[in-house]
Amino acid sequence: MATKHEQILQHITELGVGEKISVRRVAKTLNVSEGTAYRAIKEAENQGLVSTIERVGTIRIEKKQKDNIEKLTYAEVVNIVDGQVLGGRNGLHKTLNRFVIGAMKLDAMMRYVEPGNLLIVGNRYQVHKLALEAGAAVLITGGFDTNESVIALADELGMPVISTTYDTFTVATMINRAIYDQLIKKEIVLVDDILIPLQDTFFLSIDNDVKKWHEINGHTSHSRYPVIDDDMKVRGMVAAKDVLGADMSVPIDQVMTKNPITVKERTSVASVAHVMVWEGIELLPVIDEQNRLLGVISRQDVLKALQMTQRQPHVGETIDDLITGRFHETGPDSDYHYQCDVTPQMTNHLGMISYGVLSTLVTETGSRLLRQYKRGDIVVENITLYFIKPVQIESTVDMKGKLLEVGRRHGKVDVELYHEGGIVGKALMMAQMLDR
């Protein structure tokens, strides 16, 4: 039987897009406490099913697919710009296609305004009205208001009119930043992107015996399977080594590994790779919040996904991309292996290279040296970094690395960082290596 938390989530999922949700109403409808209702609504917000807006409330929104992540709903725009909704609240769930800055004469401006747009403009009432009639929402900057007829039209058409105290340039920058951040998220591969779904997953039940393992093994040629109970909750994992020499009639729960390591569907693949390498695991069950089986993820799938992401063009640039983009090999006549120029983004408030950037430089140097010895993915276990001298903005950092020890699965690298011939940092990096 579903828990109260699950029942509330199911109730929220079944609500129409654009419908308003309140803790009190959910608690009353499903006869649960307000605390339980609040927790479930927050979970729904994390899942992208609802959006909470100050002075408006919580509304059901359409869950964005990953390939559509660069598009925002009007509800998200309200939160980004700390806006106030003046009218058209019942259209907050809609997705905007693009935003248009209204800094032109009326006729010229309206050529760019199309249905599903967001027009960013000041206190020009006639423009507000024409934009709504064209099927676009309106974002009024500078803290200005609009007139009653525009608000009435917004409510009638279901297109939001939003007011913000920020100026037009700041608003456009804030929205661009939000889209940029979402593009970075789009590049991060999560477990639910590559998991083998439940309908294609082979598993055993807690009341099966060893004979059942042999039957499934003969059919699939796989050797590891999750073990579930009657509620689909994961109770264990069973592998070939567990059933080796066991009698066919022995219950599976007597030979399985209890309380196995599991992962959630929103876990990043990079994190899963680390767990698999660290624990020496070939297959992991993927579970939901209630520990119910959603599918499995294999080490082979994880490695394939990591290789694929390394070849993807990055639309949104992370700090690591910024640093490694400036990172290059030196020529054959140099005493150093690599160089990197210190840009303003890489510094702390004093204008010196930040500790985090130094760690990334060490990681990149060590990883490149290890890859020369053995192809594959590097999972850093430990870095001991000695920060000897500060390096200021617009300097060039030279890096020299030395392989201390390389095994089949492990590597140890000594990295030295120099500026103008003097040593400024020294580090020891230890890593595990994943075969491709």
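Residues numbered from 1 in each chain as written. Predicted model: local features only at pLDDT ≥ 70, side-chain atom pairs only at ≥ 80, totals over all residues. Heavy atoms only, no water.

Enquirer: Explain the sheet that holds strand β19 (residues 377-387) here, please?
Expert: Whether parallel or antiparallel, the strands of a sheet pair through hydrogen bonds between backbone atoms. As summarised here, the arrangement of the six strands in space is β17-β18-β20-β21-β22-β19, forming an open sheet in which the pairing is antiparallel. Either end of the sheet is taken by a strand with one partner, and the two such strands are β17 (327-329) and β19. Direction aside, the axes of adjacent strands within the sheet are offset by 25 degrees on average. One ladder, built from three bridges, connects β17 with strand β18 (residues 338-341); its direction is antiparallel. (Pairing = 2+ DSSP bridges. Helix = DSSP H or I, 4+ residues; strand = E, 2+ residues; numbered from the N terminus. Axes fitted to C-alpha atoms, helices over the stretch in contact; angles between N-to-C directions.)

Enquirer: So what exactly am I meant to see when it comes to the packing of aromatic side chains here?
Expert: Geometry of an aromatic ring pair is reported as the spacing of the ring centres plus the angle between the planes. Under the counting rule described, the total for this entry stands at four aromatic pairs. Geometrically, the ring pair formed by Phe-327 and Tyr-338 is tilted, given 5.1 Å between the ring centres and 35 degrees between the ring planes. In this pair, Phe-327 is assigned in strand β17 and Tyr-338 in strand β18, connecting sequence segments 11 residues apart. For Phe-327, a relative accessible area of 6% corresponds to the buried category. For Tyr-338, a relative accessible area of 2% puts it in the buried group. Centroid distance Tyr-336 to Tyr-418: 5.1 Å. Interplanar angle 45 degrees. Geometry classified as tilted. With a gap of 82 residues between them, Tyr-336 in the loop between β17 and β18 and Tyr-418 in strand β21 (residues 410-419) connect regions that are remote in the sequence. (Phe/Tyr/Trp six-rings, centres within 6.5 Å; stacked < 30°, edge-to-face > 60°. Buried < 20%, exposed > 50% of the residue type's maximum accessible area, 1.4 Å probe, protein only.)

Enquirer: In this structure, what is going on with the pattern of salt bridges? I would like to understand it.
Expert: Two side chains carrying opposite charge are able to pair once their charged atoms lie near each other. Taken as a whole and assessed by the stated rule, the structure comprises 13 salt bridges. One connected set of salt bridges, linked through shared partners, spans Glu-6, Asp-288 and Arg-292. (Salt bridge = Lys/Arg side-chain N within 4 Å of Asp/Glu carboxyl O.)

Enquirer: Looking at this structure, I do not really get the domain arrangement of the protein. What am I missing?
Expert: One widely used convention gives an interface's size as the accessible area the parts lose upon coming together. Taken as a whole, the protein is organised into domain 1 (4-60), domain 2 (74-187), domain 3 (192-308) and domain 4 (319-433). In this structure, domain 3 and domain 4 have C-alpha centres spaced 38 Å apart. For the pair domain 3 and domain 4, the summed buried surface comes to about 520 Å²; carbon and sulfur atoms form 57% of the total. Of all residues in domain 3, the largest losses of buried area upon contact with domain 4 belong to His-274, Val-277 and Trp-278, amounting jointly to 64% of the total for that side. One can count zero salt bridges joining domain 3 with domain 4. Where domain 3 touches domain 4, the interface holds zero residue pairs in polar contact (both at pLDDT 80 or more). Of all the secondary-structure elements, those providing two or more residues to the side of domain 3 that touches domain 4 are α12 (269-279) and α13 (299-310). (Domains from an automatic or database assignment. Buried area = accessible area lost by both parts, 1.4 Å probe. Polar contact = N/O pair within 3.5 Å; in protein donor to acceptor, adjacent residues only side chain to side chain.)

Enquirer: Sorry, what's going on with the environment of Arg-299 here?
Expert: Topologically, Arg-299 is positioned in helix α13. The buried category is assigned to Arg-299, whose relative accessible area is 12%. In contact with Arg-299, not counting residues within four places along its chain, are Met-276, Val-277, Gly-280, Ile-281, Glu-282 and Arg-409. (Contact = heavy atoms within 4.5 Å.)

Enquirer: For this particular structure, what's the right way to read the pairing of β21?
Expert: Two faces belong to every sheet, and in a regular strand the side chains alternate between them. Counting buried positions along β21 yields seven of 10 residues, so the element is predominantly enclosed. As defined by bridge partners, strand β20 (residues 396-406) adjoins β21 across eight bridges and the pair is classed as antiparallel. Each residue of the ladder has a partner; that of Asp-398, found in β21, is Tyr-418. The loop that links β20 with its antiparallel partner β21 comprises three residues. Bridge count between β21 and strand β22 (residues 422-434): 10 bridges; the pairing is antiparallel. Its bridge partner being in β22, His-410 is matched across the sheet by Gln-432. What sits between the antiparallel neighbours β21 and β22 is a turn of two residues, in which Glu-420 has the positive phi angle 50 degrees.

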